Amino acid sequence: MLAVIVFIGLFSLSTGREIVVKPVWYRDLKTVKITKSNKIQQGNKYIWYRNGRLFGYTDLKGNIYLRETSSFFASLTDRVFIDYSKVAENFFLKDPKGNLISGFHAFGYPFFDETGQRLFVIKTDLSGISEITETGDTTWEQDFNSVITSVSVSSGEISVGLLDGSFKIINDKGRIVFDIKPSGSSIQVIAGSAASKDGEMFACISGLNPQKILIFKRHNSNYSVIYSKELKSDFRREVLMRFSPGGRFLLFEAKGGIDIIDIDTETLRFIRFNGKIREFLILKEEGLIVIASSSRNRSFFELLKPMDSIFLYTEIKGKIGALRRVENHIILGVGDGIMRIDIEEI
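Summary of the structure given here. No experiment lies behind these values; they were computed from the predicted model shown.

### Some details on the layout of surface pockets
Estimates place the volume of the second largest pocket at around 200 Å³. Among the elements of the structure, β21 (222-231), β23 (249-254) and β25 (267-272) are those that each provide at least two residues to the lining of the second largest pocket.

### As for the sheet that holds strand β14 (residues 148-153)
The strand order β14-β15-β16-β17 describes an open sheet built from four strands, whose pairing is antiparallel. Whereas interior strands pair on both sides, the edge strands pair on one side only; in this sheet they are β14 and β17 (176-180). Shown here is a sheet whose adjacent strand axes are inclined to one another by a mean of 15°, direction ignored. Bridge count between strand β15 (residues 158-162) and strand β16 (residues 167-170): four bridges; the pairing is antiparallel. Note that in β16 the partner of S159 across the bridge is I169.

### Observations regarding the environment of I34
Mapped onto the secondary structure, I34 falls in the loop between β2 (19-28) and β3 (47-51). A relative accessible area of 18% means that I34 is categorised as buried. Residues in contact with I34, not counting those within four places in the same chain, are I64, Y65, L66 and R67.

Conventions adopted
Residues numbered from 1 in each chain as written. Predicted model: local features only at pLDDT ≥ 70, side-chain atom pairs only at ≥ 80, totals over all residues. Heavy atoms only, no water. 1 Å grid on protein atoms, 1.4 Å probe; cavity = no way out; pocket = protein on both sides within 12 Å on 5 of 7 lines; lining within 4 Å. Points joined across faces, edges and corners; volume = space filled by probe spheres on them. Helix = DSSP H or I, 4+ residues; strand = E, 2+ residues; numbered from the N terminus. Pairing = 2+ DSSP bridges. Axes fitted to C-alpha atoms, helices over the stretch in contact; angles between N-to-C directions. Buried < 20%, exposed > 50% of the residue type's maximum accessible area, 1.4 Å probe, protein only. Contact = heavy atoms within 4.5 Å.

The structure is reproduced here in structure tokens:
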């Protein structure tokens, strides 16, 4: 709890750039009382949270409606969730109070898109992907000759990166509309992928020796490379990468920090961090970037603007968990609990 008190003290300030970061509440998930009401308070809504294997639902006032420990992982939306084991044969769809909605037979790892309306399943051996309904009916299915290394979903299309270096874009009918295998590296692999919210742009990190970033843009029904650059990184795992909501900026992990590309000007900026990046969020259309990172038992929270320097920084003594945005609010895993932080422009 001391780490949280220090954290709150450091955040109760104005950054001097007409932006105020304000802690609102903290809930220790080990000791918090579960709200038993069957009806959420008026004006609130269920908000999913995650911190390590702990997950559940809260609201903007900090009431905890559900606290569970995942069997292996939980796919969460504000409306429903699926908790599943490492080798699952049956999926159970539940509401934010933990009540069963439906159950169906399936194999693999389920995940929802950002809207929480589309449900996908990656095969247990990572050799294929399908979109299914919430009753388990298959909408479409694609199998590959290689293992899936990365997946990203836009408003319509879905991009898939493979271990053999192939990068594919699949439309909402399940048809592959773009397929490329970037060359120029001694080892071919896709280490990360990203899709813009509107589905107009996609990006991937490909290869080793060298590793490269490529950005593709849709032109009618075709996709073409609009940006390509060799990187100093040599990641042999999936890389965190994400477009800003308006699609102007692309952010992705770099060696020792994060790279930010301004797509309009084709400018790349590197920002160094003290630890390994755990998660990052982009607030508003092209506004603030929030980054959580850690090193051993130390955690860091930074706030910056694209193509600018860090202007708010604090250290937390302890672990930092999941990070998610709900409008201008941030739900952050801290220590053994979660907290709400508001970022406001005044």
